[in-house]
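# Inside the fold
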Amino acid sequence: MNHSCVVNDGGSSANDLVARFAERYGFREDELLNTLAQTAFRQQNGSVPTREQLLSLLSVADSYGLNPFIRQIWALSDRKGGVLPVISVDGWVSIMNSYPQSDGMEFSYPDELITFDEDMKACHPWMECIIHRKDREHAIKVREYLDELYRPAVIKNGKKFPGPWQTCPKRMLRHKSQIQAIRIAYGLSGLFEPDEAERLLETQMGEPVPDLRESESKLAEAASHDVKEREKKEAVEPVSSELDVLDDALAEMAGELLPAKDIAGDEVPDPGDLEPQVVSFIDQIVDRAKGTGAFTAAQGFAQERFKEDGNALNYCLFRLDEAQAASAAPAA
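Being a predicted model, the structure only gives us computed values, none of them experimental.

### Observations concerning the sheet that holds strand E5 (residues 140–145)
Within the open sheet, the 3 strands sit side by side as E3-E4-E5. Their pairing is antiparallel. In this open sheet, the two edge strands, each paired with only one partner strand, are strand E3 (102–108) and E5. Mean inter-strand twist for the sheet, computed between neighbouring axes without regard to direction, equals 15 degrees. Of the pairings in the sheet, the one linking E3 to strand E4 (residues 126–133) comprises 5 bridges and is antiparallel in character. Its bridge partner being in E4, Phe 107 is matched across the sheet by Cys 129. The sheet contacts of helix H6 (residues 169–186) involve E3, E4 and E5, and relative to E4 the element is tilted by about 35 degrees.

### Regarding the nonpolar core
Among the nonpolar cores identified, the biggest contains 38 residues, and Leu 36, Leu 58, Ile 131, Tyr 186 and Leu 188 are the most heavily contacted of them. Not counting the four nearest positions on each side in its chain, Ile 131 is found in contact with Met 96, Gly 104, Met 105, Ala 139, Ile 140, Ala 181, Ile 182, Ala 185 and Tyr 186. The next biggest cluster of nonpolar side chains, apart from the first, holds 21 residues, and it includes Phe 281, Ala 289, Leu 313 and Leu 317.

### Observations regarding the environment of Trp 126
Mapped onto the elements, Trp 126 comes out in strand E4. The exposure class of Trp 126 is buried, given its relative accessible area of 17%. Placed 48 residues apart in sequence, Trp 126 and Arg 174 show a C-alpha to C-alpha distance of 9.1 Å. The residues contacting Trp 126, other than those within four sequence positions of it, are Ser 108, Tyr 109, Pro 110, Arg 143, Glu 144, Tyr 145 and Leu 173.

### Describing unusual backbone geometry
Leaving glycine aside, a negative phi is the common case for residues, and trans is the common case for peptide bonds. Of note in this structure, Arg 71 is not a glycine but carries a positive phi near 60 degrees. With respect to the element layout, Arg 71 can be found in the loop between helix H3 (51–64) and strand E1 (73–77). Among the residues examined, Arg 71 registers a relative accessible area of 37% and is labelled partly exposed.

### Notes on the packing of helix H2 (residues 29–38) against H3
Helix packing for two helices is described by the angle between their axes and how far apart those axes are. Look at H2 against H3: their axes get within 11 Å of each other, and the N-to-C directions meet at 90 degrees. Considering their axes alone, H2 and H3 lie roughly perpendicular with respect to each other. Between H2, through Leu 32, Leu 33, Leu 36 and Ala 37, and H3, the contact on the second element is made entirely by Arg 51, Leu 54 and Leu 58. Its residues assigned to classes, the contact of H2 with H3 comprises 6 nonpolar, no polar and 1 charged.

Cut-offs and rules
Numbers given for residues are sequential positions, taken from 1 along each chain in its written order. Totals for whole chains, interfaces and linings use all residues, but because this is a predicted model, local features are given only for residues with pLDDT of at least 70 and pairs of side-chain atoms are given and counted only at 80 or more. Computation of side-chain values: all heavy atoms of the structure, hydrogens and water removed. At least two DSSP bridges between two strands are needed for those strands to be called paired. Only runs of H or I of at least four residues qualify as helices and only runs of E of at least two qualify as strands under DSSP, and these elements are numbered from the N terminus. For every element, the axis is a line fit to its C-alpha atoms; helices are fit only across the contacting stretch, and the angle between N-to-C directions ranges from 0 to 180 degrees. Should any heavy atoms of two residues lie within 4.5 Å, those residues are counted as being in contact. We call a set of buried residues a nonpolar core when its members are Ala, Val, Leu, Ile, Met, Phe, Trp, Tyr or Cys and they connect through side-chain atoms within 4.5 Å of each other. The classification of residues rests on relative accessible area computed with a 1.4 Å probe and restricted to protein chains. Under 20% of the type maximum is buried, over 50% is exposed, and intermediate values are partly exposed. Comment on the angle field: the value is read as roughly parallel under 35 degrees, roughly antiparallel over 145, roughly perpendicular from 65 to 115, and oblique elsewhere. When residue character is reported, Ala, Val, Leu, Ile, Met, Phe, Trp, Tyr, Cys and Pro are called nonpolar, Asp, Glu, Lys and Arg charged, and the others, Gly included, polar.

Right, here's the structure in full:
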């Protein structure tokens, strides 16, 4: 099957695309884009894609026969004014099955089971997806490793909330190997699965939360530099919550929903027992998260940085929750 993207030249190509998509799903042409903007492609923060972004997403969906109304494809806004087409595992399988050359797939994994922490169910250390094509003599094999993919449970205000990597790690590992194998077997590019989109968005943030592998002195130096640079700026960049959107999307793929982000009613941790330099460092982490919108990455950093200090961890996570709730509140 020959998949070719529709080019939007601002004229008949775009009109033909809308007409074709509208006919496929039983919409009038004048209501299709608005329906998609308000439903399938609407962002979690309430924003809707522009007409140009909608046409770009429609081009991908149309080219690969994906149905956004059953969540085979959705959209995430990047930091460059574009949108990333994010494909669910059902969407990737649909693409594979659209090729007449497809001849089935199978999975291989060792009997060994491991765990990385007390929260997760035991899982295979790796899983391999084997895809067969009628026009290929040799099968395509792609192996994905758990230690490169596992994401710890979310900790909010000192409480753990297990996610899909804790409750169904085998399924998540299978999805990852399956998606990568389909991509290689059929030469697909320009399409993203949730984890990849998250990494790309984090890179585009410009000033991500410090890398966990950096030394403590380098982290403090970087945070101090950020404060000085921020004081020079007259305006603050808009906050973006794409990372949390991806967290939710990944959880939905596995049939699990992440906990609500409402912090109302939680007891405010007391920072009185913390050293002044620790409180200052937490202030810098919160400021960085507010400036980039990378609240999920900041929470992960806090969990690692303060894993031996429960008071500092609770206070930092509370401050991050408070800042995230404030950024998501509608402007007065």
